[in-house]
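Residues per chain are reported as follows:
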Amino acid sequence: MDERDTKIFKMSEYLKELSSEFNENLKLNYDLKKKNWFNIGGKAKIYYKAKNLKELIRFLKKINNQEKIFILGGGSNTLITDNNYDGVVIKLLNNFNNISLLSDDIIIAGSGVSDKSLSEFATNNSLGGFEFLSCIPGTVGGGIKMNAGCFGREFKDILISLQAVNKSGKLLTISVKDINFNYRDSGLSDELIFLSASLKGYKKDKSAIKTEVQRLVEKKELAQPTRIKTSGSTFKNPINQTDKKVWELISESVPLEKSFGDASISDKHCNFFVNKGNAKFEDMKNLINFVTECVFKKTGIKLETEIKIVE
Ligand SMILES: Cc1cc2nc3c(=O)[nH]c(=O)nc-3n(C[C@H](O)[C@H](O)[C@H](O)COP(=O)(O)OP(=O)(O)OC[C@H]3O[C@@H](n4cnc5c(N)ncnc54)[C@H](O)[C@@H]3O)c2cc1C
């Protein structure tokens, strides 16, 4: 056996061993296309479904920092390569979907809980401050990572503290005062896997919360496309460079009918890009690059993507 064959043999033995140890919670060559809102992407070498903390730590210790790791939340802010992802994609399930009240105004939510469920839980417990989450189609983990927000509120406004584990399996608690939140950015290391969060609201009349949720959902539906294959806002507003919103820059710089394969710009909101059918990763990347170039040529502003690109 030459050196290359030996390497391939060792890898296949290692994957077999992982498979038999973590059996139904671990899949090899797992298709990621259906696991993200764009419906784009190839296969992950390893896809691990973590059902509780003990199992997650056991898995992390087993792979022993030898693999590239990507934590997948709801996949609503993620563009994934069509090439095979040479690493581990971790999805947090079961125990990471728990949600409970710690006190009158504090909720503990697992990082796999959807933003919508968190908003509903808050409503049912007469807690205000979580209404905006009814408009964001991600999870608590993805929301904290992105400092997701809308209508003037963001995760940073409700977070008290975060429980996380690093990729070596070490547990830590991070207080909000130690997090350097910015617009659509938490500054938190990609080395961290968020487990759960303590989130603070305030007592509010249940029917007033429901009215507010409905108002926000209607406002959002008027302004932005829903029920399409998109990852929401493609670019961040360049808040330090101009007062203009990114959609204004795009609409004055880009021929909006431009598409690459099935990757195109939404008719309803030009910062939302859409997979109209079978767009490839390269199509979406070409569209992103095209728009970035057009805006730069016209305005001198270099746009930064809000969506996370996984290659
Ligand atoms: C139709 C539509 C509307 C949208 N509207 C808004 C909006 O109004 N405001 C807004 O801010 N965003 C919006 N988004 C974008 C998106 O919903 C948010 O960014 C959301 O918070 C992403 O959450 P997710 O769980 O889907 O994250 P994913 O897309 O799965 O991941 C995003 C990032 O978070 C990381 N991550 C996820 N979970 C964890 C974890 N447990 N630990 C560590 N890292 C983790 C991932 O590794 C990745 O880096 C919209 C998207 C769509 C499709």
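(A) Quick peek at helix α1 (residues 3–22). Over its 20 residues, α1 extends 29 Å from the first C-alpha to the last, a length consistent with the 28 Å expected when each residue adds 1.5 Å. Within the sequence span of α1, burial applies to Leu-15, Leu-18 and Phe-22. In a view along the axis of α1, the buried residues occupy a sector of 60°, so they form one face of it. Those residues of α1 that are exposed and angled more than 90 degrees off the buried face are Lys-10, Lys-16 and Ser-20. Structurally, α1 contributes buried residues whose contacts are with β1 (26–31), β2 (43–50) and α2 (53–63). Backbone nitrogen of Arg-4 and a side-chain oxygen of the N-cap are separated by 3.2 Å at the start of α1; the cap is Asp-2.

(B) Up close: the packing of helix α3 (residues 115–124) against helix α5 (residues 206–223). The contact between α3 and α5 brings their axes to 9 Å, and the two run at 150°. With respect to each other, α3 and α5 are oriented roughly antiparallel. For the pair formed by α3 and α5, the contact residues are Ser-119, Ala-122, Thr-123 and Asn-124 on the first element and Lys-206, Ile-209, Lys-210 and Val-213 on the second. The residue inventory of the contact of α3 with α5, partitioned by class, reads 3 nonpolar, 3 polar and 2 charged.

(C) The arrangement of the pairing of strand β11 (residues 159–166) in detail. With respect to burial, β11 is a largely interior element, 6 of its 8 residues being buried. The pairing of β11 with strand β12 (residues 171–175) spans 5 bridges and is antiparallel. Residue pairing in the sheet places Ala-164 in a bridge with Leu-172 of β12. From the end of β11 to the start of β12, which pair antiparallel, there are 4 residues, and Gly-169 there has a positive phi angle of about 95°.

Rules and cut-offs
Numbering of residues begins from 1 in every chain and follows the order in which that chain's sequence is written. Local features in this predicted model are restricted to residues whose pLDDT is 70 or higher, and side-chain atom pairs enter the listing and the counts only when it is 80 or higher, whereas totals over whole chains, interfaces and linings include all residues. Computation of side-chain values covers all heavy atoms of the structure but excludes hydrogens and water. Starting at the N terminus, helices and strands are each numbered in turn, a helix being any DSSP run of H or I of at least four residues and a strand any DSSP run of E of at least two. Expected span of a helix, by definition, is 1.5 Å for each gap between consecutive residues, and there is one gap fewer than residues. Buried residues are those whose accessible area, probed at 1.4 Å on protein chains only, stays under 20% of the maximum for their type, while exposed residues exceed 50% and partly exposed ones sit between those limits. In this description, the arc belongs to the directions extending from the helix axis to the C-beta atoms. By the convention used here, residues are in contact when the closest approach between their heavy atoms is within 4.5 Å. Contacts described as polar in this section are N or O atom pairs within 3.5 Å, which, within protein, must combine one atom able to donate a hydrogen with one able to accept it, while residues neighboring in sequence count only if both atoms come from side chains. Here an axis means a line fitted to C-alpha atoms, over the contact stretch when the element is a helix, while the angle between two N-to-C directions is reported on a 0 to 180 degree scale. For classification, angles of less than 35 degrees are called roughly parallel, those exceeding 145 degrees roughly antiparallel, those between 65 and 115 degrees roughly perpendicular, and all remaining angles oblique. Just so you know the grouping, Ala, Val, Leu, Ile, Met, Phe, Trp, Tyr, Cys and Pro go in nonpolar, Asp, Glu, Lys and Arg go in charged, and all remaining residues, Gly too, go in polar. Any two strands between which DSSP finds at least two bridges are classified as paired.

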